[in-house]
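# Summary of structural features
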Amino acid sequence: MRTLLVTLFILLAANISAQETADKRTVIEMNTQFTLKLVKTDTGYDCTVINKEPYNQLIDLKTIYSLLPDSNIDEIHGVLAYTNYENNLNAFLILKSGVEVPLKYNLGIKREDNTRFEKSSALNLFPDMPSTEVWPFRLDGVLFSGFNDAVTE
């Protein structure tokens, strides 16, 4: 009986922890131009979407530096859309951060043929410098989480 109670307690605690983590995840759908707002916390940054607009065109790789406006000090601007690279359609993510320090974050991708997000590598974001990620397949969207300062003291 005691083992059963301990097992139930552990399962309940894991469920509560998983729900708290899920609340701090931000999903962006394919073909979207967006703005994220970051709020500094004791454990990193909370991220919320403050603007989302459809972006139903191919990204021109020659114009990625001028595609996004300068970000406010607590915002990240981004575009998730397709680009035509070497005669192939590729999913392309551009981010530009206004946060004054380099940021690291977790990135998940959801392929069109999958029902779940899978972990993907992500480059650090540097202030006012566009960062790009590219995938050679179609996506439904991306998931951001775990924003933190890239440089820790």
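That block above? That's the structure.
Predicted model only: the values in this text are computed from it and were never measured. (Residues numbered from 1 in each chain as written. Predicted model: local features only at pLDDT ≥ 70, side-chain atom pairs only at ≥ 80, totals over all residues. Heavy atoms only, no water.)

### Here's the deal with the nonpolar core
- Of all hydrophobic cores here, the largest spans 24 residues; its most connected members are Trp135, Val142, Phe144 and Phe147.
- Among the elements of the structure, strand S2 (32–41), strand S3 (44–54), strand S4 (75–85), strand S5 (88–97), strand S6 (103–111) and strand S9 (139–149) are those that each provide at least two residues to this core.
- Beyond its immediate sequence surroundings of up to four residues, Phe147 is in contact with Leu36, Leu38, Gly44, Tyr45, Cys47, Ile76, Leu103, Lys104, Tyr105 and Leu125.
- By size, the runner-up hydrophobic cluster in this structure holds nine residues, among which are Ile64, Leu68, Val79 and Ala81. (Core = buried A, V, L, I, M, F, W, Y, C linked by side-chain atoms within 4.5 Å. Buried < 20%, exposed > 50% of the residue type's maximum accessible area, 1.4 Å probe, protein only. Helix = DSSP H or I, 4+ residues; strand = E, 2+ residues; numbered from the N terminus. Contact = heavy atoms within 4.5 Å.)

### Digging into the sheet that holds S9
- Reading across from one edge, S1-S9-S6-S7 is the order of the four strands in this open sheet, with antiparallel pairing throughout. Every other strand in the sheet has two partners, leaving strand S1 (26–29) and strand S7 (118–120) as the edge strands with one partner each. With direction set aside, neighbouring strand axes in the sheet form an average angle of 30°.
- Here four bridges tie S1 to S9, and the two strands are oriented antiparallel to one another. The partner of Ile28 across the bridge, within S9, is Val142. (Pairing = 2+ DSSP bridges. Axes fitted to C-alpha atoms, helices over the stretch in contact; angles between N-to-C directions.)

### Brief notes about the packing of aromatic side chains
- Evaluated as defined, the whole model comprises four aromatic pairs.
- Centre to centre, the rings of Tyr105 and Phe144 are 5.8 Å apart; their planes meet at 50°, and the pair counts as tilted. Of the two residues, Tyr105 is situated in strand S6 and Phe144 in strand S9; the sequence distance between them amounts to 39 residues.
- By relative accessible area, which is 7% here, Tyr105 ends up buried.
- Taken together, the ring pairs connect Phe34, Tyr105, Phe144 and Phe147 into an aromatic cluster.
- Over the aromatic face of Phe137 sits the side chain of Arg111, whose NZ or CZ is 3.9 Å from the ring centroid.
- When the ring centre of Tyr82 is taken as origin, the NZ or CZ atom of Arg138, which lies over that ring, is 5.2 Å away. (Phe/Tyr/Trp six-rings, centres within 6.5 Å; stacked < 30°, edge-to-face > 60°. Lys NZ or Arg CZ within 6 Å of the ring centre and 35° of its normal.)

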